[in-house]
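Summary of structural features
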Amino acid sequence: MNPVFNLDAATMSPVALFIQADWVVKFVMGGLLAASIWTWAIIIAFSGRLRRLRRETTRFERDFWKADDIDAFHKVESGSDLPSARVFSAGVQEWRRSTASGTIDKSGTRDRLATSMGAAVALEVDKLSDRLNILATVGSVAPFVGLFGTVWGIMRAFTGIASAQNSSLAVVAPGIAEALFATAIGLFAAIPAVIAYNRLSHGVNKVEAALNRFADGFHTTLSRQLDGQR
């Protein structure tokens, strides 16, 4: 029989350790397993999103710097949900509002362009990193939740020892193993969450840096155009 699915706790099979654990420990284990599945779903989805975002951002910036007419390019890309496209739209809209009047305040226009595109960058980064807080929470909390299950299980094991008045290793080991299994599941959930959080946060920081570089370049282009305005 496969030792993983053996229902004898003496074999240390995960299934047996879960089934024979106290209901509180089972609840802890179930919650940690659900957190682990949720964590991996976020990791896979977020990693794919970052790869796609970097690819589409590179394409957008390449097309932008090749464009001869900013207004025509804006008409094509204004409906895009790409973060760099939204930053671009924020700059275009502020430019149109600031230059709509006959008299143009060049210094004020430059400040408003920088502020509007900076706010757009911050908003896009906030939306992009929204689910990373879940990874941070799982990474920091899961070990302590698992430890709670372990403490509860060991307390139950010692209570059983006192009731049976038998402290032999054969009696003690299964109950303690069930309890320690909760800590193992907590680490199983926390370790990938912490690694993924650090790695994905680095990816978000790279996207933020790319958005800021684009916003600075677009601001320079508009500022140069502003110098030609009377």
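This one's a predicted model, so the numbers in the text were calculated from it and none came from an experiment.

1. Regarding the nonpolar core
Of all hydrophobic cores here, the largest spans 50 residues; its most connected members are Val 87 and Phe 88. For this core, the secondary structure elements donating two or more residues are helix H2 (23-66), helix H4 (83-98), helix H5 (106-128), helix H6 (132-164) and helix H7 (169-227). Sort the elements by how many residues they give to this core and H7 lands first, with 17 residues. Setting aside its immediate chain neighbours within four residues, Val 87 contacts Met 117, Ala 120, Val 121, Leu 211, Phe 214 and Ala 215.

2. Re the pattern of salt bridges
The tally for this structure, following the rule as stated, stands at seven salt bridges. In this structure, Arg 59 engages Asp 63 in a salt bridge whose closest nitrogen and oxygen atoms are separated by 3.5 Å. One end of the pair is Arg 59 and the other is Asp 63, both in helix H2 and four residues apart, which spans about a single turn. In this structure, Arg 86 engages Glu 124 in a salt bridge whose closest nitrogen and oxygen atoms are separated by 3.1 Å. A residue pair is termed long-range when its members are at least 10 positions apart, and Arg 86 in helix H4 and Glu 124 in helix H5 qualify at 38 residues.

3. A look at helix H3 (residues 70-77)
Among all positions in H3, only Phe 73, His 74 and Glu 77 are buried. Mapping the buried residues of H3 onto a view down its axis gives an arc of 100°, with all of them on the same face. Relative to its buried face, H3 has exposed residues pointing more than 90 degrees away, namely Lys 75 and Val 76. At its buried positions, H3 is contacted by H2 and H4. Capping the start of H3 is the job of one residue whose side-chain oxygen sits 3.0 Å from the backbone nitrogen of Asp 71: Asp 69.

4. Some details on a nonpolar patch on the surface
Together, Phe 144, Leu 147, Val 151 and Met 155 make up a nonpolar patch on the protein surface, roughly 420 Å² of accessible area in all. Mapped onto the secondary structure, Phe 144 falls in helix H6.

5. What about the side chain of Ser 89?
Inspection of the secondary structure assignment puts Ser 89 in helix H4. Accessibility expressed as a relative area gives 10% for Ser 89, which makes it buried. Excluding anything up to four places from it in sequence, Ser 89 contacts His 74 and Ser 78.

6. Section: the packing of H3 against H4
Interhelical geometry of H3 versus H4 gives an angle of 130° and a closest axis separation of 11 Å. Comparing their axes, H4 and H3 come out oblique. You can see that H3 and H4 cross each other, and the crossing is left-handed. Between H3 and H4, the contacting residues are Ile 70, Asp 71, Phe 73, His 74 and Glu 77 on the first element and Ala 85, Phe 88, Ser 89, Val 92 and Arg 96 on the second. Class assignment for the residues of the contact of H3 with H4 results in five nonpolar, two polar and three charged.

7. A short note on the environment of Leu 135
For Leu 135, the position within the fold is in helix H6. In this structure, the C-alpha to C-alpha distance between Leu 135 and Ser 36, residues 99 residues apart in sequence, is 9.7 Å. Contacts of Leu 135, omitting those with residues within four sequence positions, involve Thr 39, Ile 42, Ile 43, Ala 193, Ala 196, Tyr 197 and Leu 200.

Calculation criteria
Residues numbered from 1 in each chain as written. Predicted model: local features only at pLDDT ≥ 70, side-chain atom pairs only at ≥ 80, totals over all residues. Heavy atoms only, no water. Core = buried A, V, L, I, M, F, W, Y, C linked by side-chain atoms within 4.5 Å. Buried < 20%, exposed > 50% of the residue type's maximum accessible area, 1.4 Å probe, protein only. Helix = DSSP H or I, 4+ residues; strand = E, 2+ residues; numbered from the N terminus. Contact = heavy atoms within 4.5 Å. Salt bridge = Lys/Arg side-chain N within 4 Å of Asp/Glu carboxyl O. Arc of directions from axis to C-beta. Polar contact = N/O pair within 3.5 Å; in protein donor to acceptor, adjacent residues only side chain to side chain. Patch = residues over 30% accessible without salt bridge, like charges linked within 9 Å, V, L, I, M, F, W, Y side chains within 5 Å. Areas by Shrake-Rupley, 256 points an atom, 1.4 Å probe, with all protein chains shown as cover. Axes fitted to C-alpha atoms, helices over the stretch in contact; angles between N-to-C directions. Parallel < 35°, antiparallel > 145°, perpendicular 65-115°, else oblique. Left-handed = near helix turned anticlockwise from the far one by under 90°. Nonpolar A, V, L, I, M, F, W, Y, C, P; charged D, E, K, R; others polar.

Everything listed here is a matter of geometry and, on its own, says nothing about what the molecule does.
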